[in-house]
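# Close look at the chain arrangement
Each chain, written out:
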Amino acid sequence: MSEFLQHLINMLVLGGTYALLGIGLTLIFGIMNVVNFTHGVLYTFGAYIMFIVVHQLGVNFFLALPLAVMAGWLLGAAIELTLLRPLRGSDIDTTMLVMIGAWIAMQSGALWIWGGVAKSVTTPFPEAPLVLGPVSVSWLRLFVLAAAAMLIVVTYLLINRTKLGCAMRATFQDQDTASLMGVNVDLIYTSTFAIGSSLAAAAGALLGPVYVIFPQMGDLAAVKAFAIVILGGLGNITGAVIGGFILALAEELGAYVSSGYRDAMGFLIIIAVLIFKPTGLFARSERVG
């Protein structure tokens, strides 16, 4: 039982960061109809920014996280302005090819800049874990869970309680009508891609200190992000959050049996969903935010 509770806590930590990845990816697809293949590189970018800010600039660990999120926001805005805006109105195949090229170029650039040696981030948390009865959890993982939950709540409030979020949801439902009502669609697209990118960078910045950082670390994260979006239904933000926790639970149950089945269990669920409910577990009859 204690081992099961330990896996359950790990599921909550992973689920929060997976939800951030899924929200960012489904937000971009839902509003812009763009399959963002650079999502994994943005995840890696957030982790490396965390390393640079903490170790090379000497910034406080807790201040480094919002800086990594802001860096992801800026990089996402730059990608949208330089690569996606000139392709506005192009078919989805052309956009996908461009984004795949951007993913390969950015990953190669990360390898060239930072090298292939794995790096780790020093944290201010004590090494001794917090012991709660039969379960022990590191203070760093508790911080990751709390920070991920806070970012999910902030994103929810942004989408549902702000003027920008209202404009994003209007663009999501009907771009032409939103434009006629005075919504600056170009600004919404840039903001959407920037927000989605910042969430991917936040996930990398949170999990980077938990594991190690290397240029290819975002590849598996990107695959999992697509899996989460498939689980939750394309364009469904709430579904992406739930899908993130479902995937984390499946991985932890797989690890409970054997660590070798950790990633396989999650993707077995994806295969089952695609067979029995291809639109996702939480797909809606119409595209709404």
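Everything in this summary refers to the structure shown in the same document. Since the model is a prediction, treat every value here as computed from it, not as a measurement.

What follows deals with the nonpolar core. Residues Leu20, Leu21, Ile31, Met32, Phe61 and Leu206 are the most contacted members of the largest nonpolar core, which totals 78 residues. Per-element tally for this core: the top contributor is helix 1 (residues 2-32), with 13 residues. With sequence-adjacent residues up to four places away left out, Leu20 is seen in contact with Ala148, Leu151, Ile152, Leu199, Ala202, Ala203 and Leu206.

On to the packing of helix 3 (residues 61-84) against helix 4 (residues 92-114). Interaxial distance between helix 3 and helix 4 falls to 12 Å at its minimum, and their mutual angle equals 130°. On the basis of their axis angle, the class for helix 3 and helix 4 is oblique. The handedness of the crossing between helix 3 and helix 4 is right-handed. Across the interface between the two elements, Leu75, Ile79, Leu83 and Leu84 from helix 3 touch Thr95, Val98, Met99, Ala102 and Met106 from helix 4.

Below, the discussion takes up the pattern of salt bridges. According to the stated counting rule, one finds 4 salt bridges in the structure shown. Note that Arg85 and Glu80 form a salt bridge whose closest N and O atoms lie 3.7 Å from each other. A salt bridge links Glu251 to Lys224; its shortest N-O distance comes to 3.0 Å. A residue pair is termed long-range when its members are at least 10 positions apart, and Glu251 in helix 10 (residues 237-257) and Lys224 in helix 9 (residues 217-232) qualify at 27 residues. Each member of the salt-bridge network shares a partner with another, and the members are Glu80, Arg85, Arg88 and Asp186.

Now for the packing of aromatic side chains. Enumeration according to the criterion identifies 8 aromatic pairs in this entry. Here the aromatic rings of Phe37 and Phe226 are separated by 5.7 Å at their centres, their planes lie at 40°, and the arrangement is tilted. Here the residue Phe37 occupies a position in the loop between helix 1 and helix 2 (39-56), and Phe226 occupies one in helix 9, the gap between them amounting to 189 residues. Aromatic pair Phe61 and Phe125: ring centres 5.9 Å apart, planes at 85°, arrangement edge-to-face. Pair noted here: Phe61 is in helix 3 and Phe125 is in the loop between helix 4 and strand 1 (130-132), with a separation of 64 residues, a long-range link. Comparing Phe61 with Phe125 shows no difference in burial state: the two are buried. The structure contains a cluster of three or more aromatic residues connected by ring pairs, namely Phe61, Phe62, Phe125 and Phe143.

With that settled, the discussion passes to helix 8 (residues 185-207). Between its terminal C-alpha atoms helix 8 stretches 33 Å, which fits the 33 Å expected from 23 residues at 1.5 Å a residue. The N-cap residue of helix 8 is Asn184: its side-chain oxygen and the backbone nitrogen of Asp186 are 3.3 Å apart.

For the rest of this paragraph, the subject is a nonpolar patch on the surface. Among the surface-exposed residues, Tyr261, Met265, Leu268, Ile271, Ile275 and Phe276 lie close enough to one another that they form a single nonpolar patch of about 680 Å² accessible area. With respect to the secondary-structure elements, Leu268 resides in helix 11 (residues 262-276).

Moving on, we get to the environment of Val121. Tracing the backbone through its elements, the reader meets Val121 in the loop between helix 4 and strand 1. Note on Val121: relative accessible area 7%, which makes it buried. With 92 residues separating them in the primary sequence, Val121 and Ile213 have C-alpha atoms 8.3 Å apart. Residues within four places of Val121 in sequence aside, it is in contact with Phe51, Val54, His55, Phe61, Pro209 and Ile213.

What counts and what doesn't
- Along every chain, residues carry numbers that run from 1 in the direction the sequence is written.
- Confidence filtering applies because this is a predicted model: local features only for residues at pLDDT of at least 70, side-chain atom pairs given and counted only at 80 or more, and all residues used for totals across whole chains, interfaces and linings.
- Side-chain measures were taken over the full set of non-hydrogen atoms in the model, leaving aside hydrogen atoms and water.
- We call a set of buried residues a nonpolar core when its members are Ala, Val, Leu, Ile, Met, Phe, Trp, Tyr or Cys and they connect through side-chain atoms within 4.5 Å of each other.
- Summary of the burial criterion: residues with accessible area below 20% of their type's maximum are buried, those above 50% are exposed, and those between are partly exposed, where the area comes from a 1.4 Å probe applied to protein chains only.
- In this text, helices come from DSSP runs of H or I with a minimum length of four residues, and strands from runs of E with a minimum of two, each type numbered from the N-terminal end.
- Two residues qualify as a contact provided that any one of their heavy atoms is within 4.5 Å of a heavy atom in the partner residue.
- Axes, fitted as lines to C-alpha atoms, cover a helix only where it is in contact. Angles between the N-to-C directions of the axes lie from 0 to 180 degrees.
- By definition in this entry, angles of less than 35 degrees are roughly parallel, angles greater than 145 are roughly antiparallel, angles of 65 to 115 are roughly perpendicular, and the rest are oblique.
- What makes a crossing left-handed is the near helix being turned counterclockwise from the far one by less than a right angle; a clockwise turn instead makes it right-handed.
- When a carboxyl oxygen of Asp or Glu lies within 4 Å of a side-chain nitrogen of Lys or Arg, that pair is called a salt bridge.
- Pairs were defined over the aromatic rings of Phe, Tyr and Trp, the Trp ring being its six-membered one, requiring ring centres within 6.5 Å. Orientation was assigned from the angle between planes: stacked under 30 degrees, edge-to-face over 60, tilted for the rest.
- In a helix, the anticipated span is given by 1.5 Å times the number of residues less one.
- Any pair of nitrogen or oxygen atoms within 3.5 Å is treated as a polar contact; in protein, a donor-acceptor pairing is required on top of that, and neighbouring residues in sequence qualify only through side-chain atoms on both sides.
- Think of a patch as exposed residues, more than 30% relative accessible area, with no salt bridge, where like charges cluster within 9 Å and nonpolar side chains (Val, Leu, Ile, Met, Phe, Trp, Tyr) cluster within 5 Å.
- Note on areas: these come from Shrake-Rupley sampling with a 1.4 Å probe, and a residue is covered only by the protein chains present in the view.

From the geometry alone we can't say anything about function, so treat these as descriptive.
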